[in-house]
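Examination of the molecular architecture
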Amino acid sequence: NAGVTQTPKFRILKIGQSMTLQCTQDMNHNYMYWYRQDPGMGLKLIYYSVGAGITDKGEVPNGYNVSRSTTEDFPLRLELAAPSQTSVYFCASSPYDRGTEAFFGQGTRLTVV
Amino acid sequence: GENVEQHPSTLSVQEGDSAVIKCTYSDSASNYFPWYKQELGKGPQLIIDIRSNVGEKKDQRIAVTLNKTAKHFSLHITETQPEDSAVYFCAASPRGDSNYQLIWGAGTKLIIKP
């Protein structure tokens, strides 16, 4: 059972470039989340989804976009990368709302130079 | 909105001793409080959680206590072992909030000294 899979694990982007962080879960969870984790800080919610076709903004959505065409996949799109987006990104899924009993992927370390 | 504060930021204990990490929250309507363990290079992993209708919950060497009146909850690890070394995060889930999110503490780096 793979759980939550994120790709890539590491990426370096130049300012102004774009990229998509991939996230797939095989647990048939309705709820999925994207977080960013900055050094010495807790996780901040970027976007979340309560099911296929439904997404909404979290605490820090600016500079990001998401889509949820299937239950399994929840990609995160960075447009016009900025140094402030240098962070570790985590995707998570949960069988219940409000992040209850969430499972996390291993993360994507993104550096914008 | 909800705010979660976590202390200490770093905790160093001798192997075999107990470790206690404390969190306070601001929203009295919050009703779900998980603890996550994050090992180096990995994503957070849920280790124990508690709901507001329960005062204490144990799972082997790990326990969580909740004081709703004082709005704080704590993680207790007994008989610490080297593999307990990690960063631990607490979180709270507010009710009446439309953002469907957990609010996270800043984390505690637990170091187990041999």
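If you're wondering where the values come from, they're calculated on a predicted model, not measured in any experiment. (Residues numbered from 1 in each chain as written. Chains lettered and ligands numbered in written order. Predicted model: local features only at pLDDT ≥ 70, side-chain atom pairs only at ≥ 80, totals over all residues. Heavy atoms only, no water.)

**Focus on the nonpolar core**
Considering soluble globular proteins, one finds that nonpolar side chains tend to be buried as a cluster. Membership of the largest hydrophobic core comes to 24 residues, with the highest contact counts inside it found for W35(B), F73(B), L75(B) and L110(B). Within the residue set of this core, elements represented by two or more residues are β2 (10-14), β3 (19-25), β4 (32-38), β5 (45-51), β7 (62-67), β8 (72-77), β9 (86-92) and β11 (108-113) of chain B. Among the nonpolar cores identified, the runner-up in size contains 20 residues, and L13(A), M32(A), Y47(A) and V66(A) belong to it. (Core = buried A, V, L, I, M, F, W, Y, C linked by side-chain atoms within 4.5 Å. Buried < 20%, exposed > 50% of the residue type's maximum accessible area, 1.4 Å probe, protein only. Helix = DSSP H or I, 4+ residues; strand = E, 2+ residues; numbered from the N terminus.)

**Quick notes on the sheet that holds strand β7 (residues 64-66) of chain A**
Sheet strands associate in pairs through backbone hydrogen bonding, adopting either a parallel or an antiparallel arrangement. Residues and elements named next belong to chain A. Sheet architecture is open: four strands sit in the order β1-β3-β8-β7, paired in antiparallel fashion. In this open sheet, the two strands that pair with only one neighbour each are β1 (4-7) and β7. Neighbour-to-neighbour, the strand axes of the sheet open up by a mean angle of 20°, direction not taken into account. For β1 and strand β3 (residues 19-25), the ladder comprises four bridges, and the chain directions are antiparallel. Across the sheet, T7 pairs through a bridge with Q22, a residue of β3. (Pairing = 2+ DSSP bridges. Axes fitted to C-alpha atoms, helices over the stretch in contact; angles between N-to-C directions.)

**Considering the interface of chain B and chain A**
As a measure of interface size, the accessible area lost when the parts come together is often cited. Contacts between the two partners involve 24 residues from chain B and, on the opposite side, 22 residues from chain A. Of the roughly 1800 Å² buried at the junction of chain B and chain A (both faces included), carbon and sulfur atoms supply 50%. The tally of links from chain B across to chain A stands at one salt bridge. In this structure, E101(A) engages R51(B) in a salt bridge whose closest nitrogen and oxygen atoms are separated by 3.8 Å. On inspection of chain B and its partner chain A, the count reaches three residue pairs in polar contact (both at pLDDT 80 or more). In terms of residue class, the side of chain B that touches chain A is made up of ten nonpolar, nine polar and five charged. (Contact = heavy atoms within 4.5 Å. Buried area = accessible area lost by both parts, 1.4 Å probe. Salt bridge = Lys/Arg side-chain N within 4 Å of Asp/Glu carboxyl O. Polar contact = N/O pair within 3.5 Å; in protein donor to acceptor, adjacent residues only side chain to side chain. Nonpolar A, V, L, I, M, F, W, Y, C, P; charged D, E, K, R; others polar.)

**What about the pattern of salt bridges?**
According to the stated counting rule, one finds eight salt bridges over all chains in the structure shown. E59(A) is paired through a salt bridge with K44(A); the nearest N and O atoms lie 3.6 Å apart. Of this pair, E59(A) sits in the loop between β6 (54-57) and β7 while K44(A) sits in strand β5 (residues 43-51), and the two are 15 residues apart along the sequence. You can call K44(A) partly exposed: its relative accessible area is 29%. Among the salt bridges present, the one from R61(B) reaches D84(B), with a minimum N-O distance of 2.9 Å. Of the two residues, R61(B) sits in the loop between β6 (56-59) and β7 while D84(B) sits in the loop between β8 and β9, which places them 23 residues apart along the sequence. Owing to a relative accessible area of 6%, D84(B) belongs among the buried residues under this scheme. Three or more residues are tied together by salt bridges with common partners; here these are K37(B), E39(B) and K42(B).

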